[in-house]
Amino acid sequence: MAVPKRKMSRSNTRARRSQWKTTAATLSTCPNCKGDKLSHSACPTCGVYKGRLYAEAQRTVHAD
């Protein structure tokens, strides 16, 4: 297993970690209710995915 010969400085560590960026999730519009939803998943407002109603999708979002 490789072991570093010298301690990596904070600036080098932070410069390397600065590339670890996350991207915002891409949203698409629901064809049923025109609300925002994640791609390839049921709509959180109406629970429809590919023309079918999924009651589990509505239950998980509105369980407040």
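One structure accompanies this document, and this report is about it. From a predicted model like this one, the values you see are computed outputs, not experimental measurements.

**Observations concerning the overall build of the chain**
Within the chain, the regular secondary structure consists of two helices and four strands. When the helices and strands of the chain are listed from N to C terminus, the series reads α-β-β-β-β-α. Taking all 64 residues of the chain together, the buried fraction comes to 14%. Taking all contacts inside the chain whose residues are at least 6 apart in sequence as the whole, residues at least 24 apart take part in 0%.

**Here's the deal with the environment of T26**
Tracing the chain through its elements places T26 in the loop between α1 (10-17) and β1 (27-29). For T26, a relative accessible area of 59% gives the class exposed. Put simply, T26 and K37 are 11 residues apart on the chain and 8.7 Å apart in space, counted from C-alpha to C-alpha. Excluding its chain neighbours within four sequence positions, the residues that come into contact with T26 are K37, L38 and S39.

Analysis parameters
- Residues numbered from 1 in each chain as written.
- Predicted model: local features only at pLDDT ≥ 70, side-chain atom pairs only at ≥ 80, totals over all residues.
- Heavy atoms only, no water.
- Helix = DSSP H or I, 4+ residues; strand = E, 2+ residues; numbered from the N terminus.
- Buried < 20%, exposed > 50% of the residue type's maximum accessible area, 1.4 Å probe, protein only.
- Contact = heavy atoms within 4.5 Å.

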